[in-house]
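# Structural characterization, general
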Amino acid sequence: MLNPDASVIANFRTAFRGKRPFASFAGSELSEAELAFQAATDPFSRLDTFIAVGPHGTEIEEATLSVLDPTFLRLPRNLQIRLGLLRAPFGQLNNIHPPEQPFVDTPLVHRLWFGHEHGNNHAHEHNNSHENGNGHENGDEHENEHEHEVSPEQIPTEGSFVGTGLSLNWLVPTGRHLTWLTVAPLNVDNPTFHADSGRPAWLFRLRHMRELSLTQSLNLGLNYAFGRNDLGKDTKLLGVDVTYRWRPLKEGLYRSLVWQTEAYWGWRDTGNGEIKPKGWFTLVEYQLSRTLFLGARYEFAQAPDKSFSGRGFSLAITLFPSEFGRYRLQWSRLKIGGQTVHEVWLQTTFSIGIHRPHPL
């Protein structure tokens, strides 16, 4: 048996938070040390396991067995099967583990819809009154007047859409351009879905990649998911994502641009009507030199129960001295539940060992 490829990624963060930048020191933490073990189990499949060790304990982030060549199972060609605990095929950014994303924190819509804490229970105190018809559904202006105050400190800094189950990924024979169709029934437990083995959440993703020229490419994604929520009723999600990439031929090591936008719409049945939250983000990352990157992100999201909403703007500058280290300074201005706060993040990420890149 061959030894697996092993690696460790350590993510260290320091935060300042308050009504003004650097107003108050919010603490430092080793937010995560990600251990990765990856190897081919036989000529037909590969095992990838990612274990996150953090201040709140240890958890398996992802553990999948990928059947890369299904011919021995007499399945159709160009069909890839993944089993285990996997990142849900919903949107493009969700494929990337948080320490390797272009910003210190994940987008607000991910944090509210897929984060484990979801406002620490404070937002849930208002669920019953809001979902029993005391909330307003007549547009964002009325919602902002009546939404509940939630402190930005109560919102988790990360949120990932993960689940346990099966994923079928088929490369559609469309000719020159690449198109993938992914279907995944997953057991999911997050603020949006509470789907178990009796009735898993079903996810569908259609992704199309088109080469616009030798220096430009465009990725388009259409996503749909449905399953049970924590009330035992149905929830449906629709998502659209667009990713544009530019890298010049002569300056490919020193110049590049990535522009990414994702938008989500939800339909949450409460048994007493339907709630329709929405959220989106758009981000741009431009390469200034071989080691220096500048990023900007604007975002908006409503809580799954629409008890509050938030929007934010972030700027980040990232230094890559080598492929094994990264330093990042980020400033964010967030307005959540009627409160505005500034955040300044200092992030240091180091890695050792062989770590396969995440799909982009």
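Residues numbered from 1 in each chain as written. Predicted model: local features only at pLDDT ≥ 70, side-chain atom pairs only at ≥ 80, totals over all residues. Heavy atoms only, no water.

## Description of the overall build of the protein
In terms of regular secondary structure, the protein is built from three helices and 18 strands. Across the 360 residues of the protein, 47% fall into the buried class. Restricting the contact set of the protein to residue pairs at least 6 apart, pairs at least 24 apart contribute 55%. Surface summary for the protein: the accessible area is close to 17,500 Å², and the carbon and sulfur share equals 59%. (Helix = DSSP H or I, 4+ residues; strand = E, 2+ residues; numbered from the N terminus. Buried < 20%, exposed > 50% of the residue type's maximum accessible area, 1.4 Å probe, protein only. Contact = heavy atoms within 4.5 Å. Areas by Shrake-Rupley, 256 points an atom, 1.4 Å probe, with all protein chains shown as cover.)

## Comments concerning the nonpolar core
Residues F161 and L203 are the most contacted members of the largest nonpolar core, which totals 33 residues. Only helix 1 (108-114), strand 7 (178-189), strand 9 (201-211), strand 14 (278-287) and strand 17 (325-336) provide two or more residues apiece to this core. It is helix 1 that provides the largest number of residues to this core, a total of five residues. Ignoring sequence-local partners within four residues, the contact set of F161 consists of L86, R87, A88, F90, N94, F114, V188, N190, F193 and L203. (Core = buried A, V, L, I, M, F, W, Y, C linked by side-chain atoms within 4.5 Å.)

## Overview of the environment of R17
Structurally, the position occupied by R17 is in strand 1 (residues 5-18). In this structure the C-alpha to C-alpha distance between R17 and S332, which are 315 residues apart in sequence, comes to 9.5 Å. Residues in contact with R17, not counting those within four places in the same chain, are A23, S24, A26, E153, V341, H342, E343 and W345. Of the polar contacts made by the side chain of R17, one reaches the side chain of E343; its length is 2.9 Å. (Polar contact = N/O pair within 3.5 Å; in protein donor to acceptor, adjacent residues only side chain to side chain.)

## Quick notes on the environment of R111
Relative to the elements of secondary structure, R111 occurs in helix 1. Overall, the relative accessible area of 2% leaves R111 in the buried class. Linking R111 and P156, residues 45 residues apart in sequence, is a C-alpha distance of 6.0 Å. Once residues within four sequence positions are removed from consideration, R111 is found in contact with D105, T106, I155, P156, T157, E158, G159 and L334.

## Describing the pattern of salt bridges
With the rule as written, the count across this model stands at eleven salt bridges. A salt bridge links E29 to R13; the nearest nitrogen and oxygen atoms lie 2.8 Å apart. Note that E29 is positioned in strand 2 (residues 25-42) and R13 in strand 1, a separation of 16 residues in sequence. According to the relative accessible area criterion, E29 is partly exposed, its value standing at 29%. The exposure class assigned to R13 is buried, which follows from its relative accessible area of 4%. A salt bridge links D105 to R111, with the nearest nitrogen and oxygen atoms 3.2 Å apart. Bridged by salt links that share partners, the residues D105, R111, R297 and E299 form one connected network. (Salt bridge = Lys/Arg side-chain N within 4 Å of Asp/Glu carboxyl O.)

## Notes on a nonpolar patch on the surface
On the surface, W170, L181, L206, L222, V240 and W265 cluster together into a nonpolar patch covering about 490 Å² of accessible area. Inspection of the secondary structure puts L222 in strand 10 (residues 216-228). (Patch = residues over 30% accessible without salt bridge, like charges linked within 9 Å, V, L, I, M, F, W, Y side chains within 5 Å.)

## Let's talk about the pairing of strand 15 (residues 292-302)
Taken together, the nine bridges between strand 14 and strand 15 define a ladder with antiparallel strand orientation. Opposite T282, over in strand 15, you have Y298 as the bridge partner. Hairpin connection between strand 14 and strand 15: a loop of four residues separates the two successive antiparallel strands. Here strand 15 runs beside strand 16 (residues 309-322); their pairing, made up of eleven bridges, is antiparallel. The residue of strand 16 that forms the bridge with G295 is A316. Where strand 15 hands over to strand 16, the hairpin turn is made up of six residues, of which K306 adopts a positive phi near 60°. (Pairing = 2+ DSSP bridges.)

## Notes on the packing of aromatic side chains
The tally for this structure, following the rule as stated, stands at 13 aromatic pairs. Chaining the aromatic ring pairs together yields one cluster made of F90, W113, F114, F161, F193 and Y264. Directly above the aromatic system of F103 lies the positively charged group of R297, at a separation of 4.8 Å from the ring centroid. (Phe/Tyr/Trp six-rings, centres within 6.5 Å; stacked < 30°, edge-to-face > 60°. Lys NZ or Arg CZ within 6 Å of the ring centre and 35° of its normal.)

## So, the confidence of the model for the protein
A residue-level look at the protein finds 88% of positions with pLDDT of 70 or above and a mean pLDDT of 85. Within the protein, strand 15 carries the highest mean pLDDT (97), whereas helix 3 (residues 140-146) carries the lowest (47). Low pLDDT, under 50, characterises residues 118-129; the predicted model gives this stretch 21 contacts beyond four residues in sequence or across chains. Here residues 132-145 is modelled with pLDDT under 50, and outside its nearest four sequence neighbours on either side it reaches 19 contacts, counting other chains as well. (pLDDT = per-residue confidence, 0-100.)

## A short note on unusual backbone geometry
Even without a glycine there, the phi angle at K306 is positive, about 60°. With respect to the helices and strands, K306 occurs in the loop between strand 15 and strand 16.

## Details of the pairing of strand 12 (residues 256-269)
As paired strands, strand 11 (residues 234-246) and strand 12 are joined by twelve bridges and run antiparallel to one another. By the bridge assignment for strand 12, W246 is matched with L257. When strand 12 meets strand 14, the two strands line up antiparallel, connected through ten bridges. If you follow S256 over to strand 14, its bridge partner there is Q287. As judged from the two bridges shared by strand 12 and strand 13 (residues 274-275), these two strands associate in the antiparallel manner. Its bridge partner being in strand 13, R268 is matched across the sheet by I275. Count of turn residues in the strand 12/strand 13 antiparallel hairpin: four residues, of which G271 carries a positive phi of about 85°.

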